[in-house]
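Given next are the chains, with one letter for each unit.
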Amino acid sequence: MELAKSFDPKDIETRWYSTWETAGYFSPAGFEEANAYCIMLPPPNVTGTLHMGHAFQHTLMDALIRYHRMLGDNTLWQPGTDHAGIATQIVVERQLDQEGKDRRQMGREAFLERVWQWKEESGSTITRQMRRMGASCDWSRERFTMDETLSRAVTEVFVRLYREGLIYRGKRLVNWDPVLQTA
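Since the model is a prediction, treat every value here as computed from it, not as a measurement.

This next bit is on the layout of surface pockets. Taken as a whole, the largest pocket spans an internal volume of roughly 390 Å³. Lining the largest pocket are 15 residues; nearest its centre among them are Gly85, Gln89, Phe111, Leu112 and Val115. Looking at the lining of the largest pocket, the elements that each hand over two or more residues are helix 3 (85-98) and helix 5 (108-133). Across the lining of the largest pocket, the residue classes break down as seven nonpolar, five polar and three charged. In this structure, the second largest pocket encloses a volume near 310 Å³. Lining the second largest pocket are 14 residues, and of these Glu13, Thr14, Tyr17, Arg131 and Arg132 lie nearest its centre.

Quick look at the nonpolar core now. Ranked by size, the top nonpolar core spans 13 residues in total, and within it Trp77, Met130 and Cys137 carry the most contacts. Among the elements of the structure, helix 2 (52-70) and helix 5 are those that each provide at least two residues to this core. Not counting residues up to four positions away in its chain, the partners in contact with Met130 are Leu41, Leu50, His58, Ala135, Cys137 and Trp139. Ranked by size, the runner-up nonpolar core spans six residues in total, among them Val92, Leu96, Val115 and Trp118.

A contiguous nonpolar surface patch, about 560 Å² in accessible area, is contributed by Phe7, Ile12, Trp16, Trp20 and Tyr25. Mapped onto the secondary structure, Phe7 falls in the segment before helix 1 (9-22). Relative accessible area serves as the criterion here: at 62%, Phe7 is assigned to the exposed category.

Rules of the game
- Residues numbered from 1 in each chain as written.
- Predicted model: local features only at pLDDT ≥ 70, side-chain atom pairs only at ≥ 80, totals over all residues.
- Heavy atoms only, no water.
- 1 Å grid on protein atoms, 1.4 Å probe; cavity = no way out; pocket = protein on both sides within 12 Å on 5 of 7 lines; lining within 4 Å.
- Points joined across faces, edges and corners; volume = space filled by probe spheres on them.
- Helix = DSSP H or I, 4+ residues; strand = E, 2+ residues; numbered from the N terminus.
- Nonpolar A, V, L, I, M, F, W, Y, C, P; charged D, E, K, R; others polar.
- Core = buried A, V, L, I, M, F, W, Y, C linked by side-chain atoms within 4.5 Å.
- Buried < 20%, exposed > 50% of the residue type's maximum accessible area, 1.4 Å probe, protein only.
- Contact = heavy atoms within 4.5 Å.
- Patch = residues over 30% accessible without salt bridge, like charges linked within 9 Å, V, L, I, M, F, W, Y side chains within 5 Å.
- Areas by Shrake-Rupley, 256 points an atom, 1.4 Å probe, with all protein chains shown as cover.
- Salt bridge = Lys/Arg side-chain N within 4 Å of Asp/Glu carboxyl O.

Function cannot be inferred from these measures alone, as they are strictly geometric.
As structure tokens, then:
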């Protein structure tokens, strides 16, 4: 077999990455006696694609996770994406504007459906990019900040903090955005 004049990593990396992922190499080893080591990926917003800052931080986290796996630690690098609230709303509203549509005319349910559609499209772009980078996350545990279980946990903590008197209603000045109609 003749070697290519230049190295093209795409085929080799794609094949090996899917082999490693399928074999479960990115999942915690399950060593009950081993030290636990976990990194919760600071979730990138679903407002587009990854940038150089993401690549830098993901490289550092991946190096740490792989190092701890080699030490025999029970490791988990949990991936996820963030809904990015207003930023995602702006992206979707710009798309609608290009189509000559307005979110207020669509109604809440139709607009939310469009936002979830954008999340699926953008979120899959981000995870595809991370896989191409070789990120050794446990993809079976991927989360989205608006997933029902995570939203329920946030509500539970909010109610608990309210009952403890740490969250209260008061008269305060806020920066009101008259365009987005939000604080």
